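# Descriptive analysis of the structure
Given next are the chains, with one letter for each unit.
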Amino acid sequence: MRKASLEEVVQDRSDRIFNGVFQIKSWENTIVDEGADSEAGKNAINIIKNYTIEDVFNDIEESLQSSPFAQYHCSLTASEKMLITPFILAVLNKLKSEYS
């Protein structure tokens, strides 16, 4: 196993957090693009109905653990959670109010 540079590890972590947060936005895009009555739209709506902020954190944690740089990653920090929580809640609440 090769050594990773700090830059690689930081970029990998940032990408995995970003992707985890924006997964919920991609479900909204699916609903808008495909339509709420389409199979993809219905699937996205069903996921959104039961999805919580803890699910987002868990998905990000799983992604970090599956990273080639997992040995360098710690769990999400309180600061990271504080930074992403307002966005996650805003999007989840909006989607749940529109599609539940």
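Described in the following lines is the structure provided in the data block. (Residues numbered from 1 in each chain as written. Predicted model: local features only at pLDDT ≥ 70, side-chain atom pairs only at ≥ 80, totals over all residues. Heavy atoms only, no water.)

## A closer look at the packing of aromatic side chains
Throughout the structure, instances matching the rule amount to three aromatic pairs. Ring geometry for Phe18 and Phe22: centres 4.4 Å apart, planes at 35°, overall tilted. Here Phe22 and Phe18 lie together in helix H1 (residues 6-34), a separation of four residues that amounts to about one turn. Judged by its relative accessible area of 33%, Phe22 falls in the partly exposed class. Above the ring of Phe57, the side-chain terminus of Lys81 is found at 5.0 Å from the ring centroid. (Phe/Tyr/Trp six-rings, centres within 6.5 Å; stacked < 30°, edge-to-face > 60°. Helix = DSSP H or I, 4+ residues; strand = E, 2+ residues; numbered from the N terminus. Buried < 20%, exposed > 50% of the residue type's maximum accessible area, 1.4 Å probe, protein only. Lys NZ or Arg CZ within 6 Å of the ring centre and 35° of its normal.)

## Some details on H1
Along its 29 residues, H1 runs 40 Å from first to last C-alpha, staying within 8% of the 42 Å computed at 1.5 Å per residue. By the largest-angle criterion, Gln23 marks the main kink of H1, which is about 35°. For H1, the full list of buried residues reads Val9, Asp12, Arg13, Arg16, Ile17, Gly20, Val21, Ile24, Trp27, Glu28 and Ile31. For H1, the elements touching its buried residues are helix H2 (39-50), helix H3 (53-65) and helix H4 (78-99). (Expected span 1.5 Å × (residues − 1). Bend = angle between axes of the 7 residues up to and from the residue. Contact = heavy atoms within 4.5 Å.)

## Some words on the pattern of salt bridges
In the structure shown here, the tally under the stated rule is five salt bridges. Note that Lys94 is salt-bridged to Glu28, the shortest N-O span being 2.2 Å. Pair noted here: Lys94 is in helix H4 and Glu28 is in helix H1, with a separation of 66 residues, a long-range link. According to the relative accessible area criterion, Lys94 is partly exposed, its value standing at 36%. Residue Glu28 is classed as buried on the basis of its relative accessible area, which comes to 6%. Connected through salt bridges with shared partners, the residues Lys25, Glu28, Lys94 and Glu98 form a single ionic network. (Salt bridge = Lys/Arg side-chain N within 4 Å of Asp/Glu carboxyl O.)

## Focus: the environment of Ile53
Within the fold, Ile53 resides in helix H3. In the structure, Ile53 is positioned 19 residues away from Tyr72 in sequence and 24 Å away in space, judged by C-alpha atoms. With sequence-adjacent residues up to four places away left out, Ile53 is seen in contact with Thr85, Ile88, Leu89 and Leu92.

## Structural notes on the nonpolar core
In terms of nonpolar packing, the biggest core is built from 20 residues, with Ile24, Ile60, Ile84 and Ile88 touching the most fellow members. Put simply, the parts of the chain that give this core at least two residues each are H1, H2, H3 and H4. Sequence-distant contacts of Ile88, defined by excluding residues within four places in its chain, comprise Val21, Ile24, Ile53, Val56 and Phe57. (Core = buried A, V, L, I, M, F, W, Y, C linked by side-chain atoms within 4.5 Å.)

## Quick look at the packing of H1 against H2
Between H1 and H2, whose axes approach to 8 Å, the crossing angle comes to 150°. Taken together, the axis directions place H1 and H2 in an arrangement best described as roughly antiparallel. Viewed along their axes, H1 and H2 form a crossing whose handedness is left-handed. Residues Trp27, Thr30, Ile31 and Glu34 of H1 lie in contact with H2, whose contacting residues are Ala40, Gly41, Ala44, Ile45, Ile47 and Ile48. Of the residues assigned to the contact of H1 with H2, the class counts are seven nonpolar, two polar and one charged. (Axes fitted to C-alpha atoms, helices over the stretch in contact; angles between N-to-C directions. Parallel < 35°, antiparallel > 145°, perpendicular 65-115°, else oblique. Left-handed = near helix turned anticlockwise from the far one by under 90°. Nonpolar A, V, L, I, M, F, W, Y, C, P; charged D, E, K, R; others polar.)

By themselves, these observations are geometric and do not establish any function.
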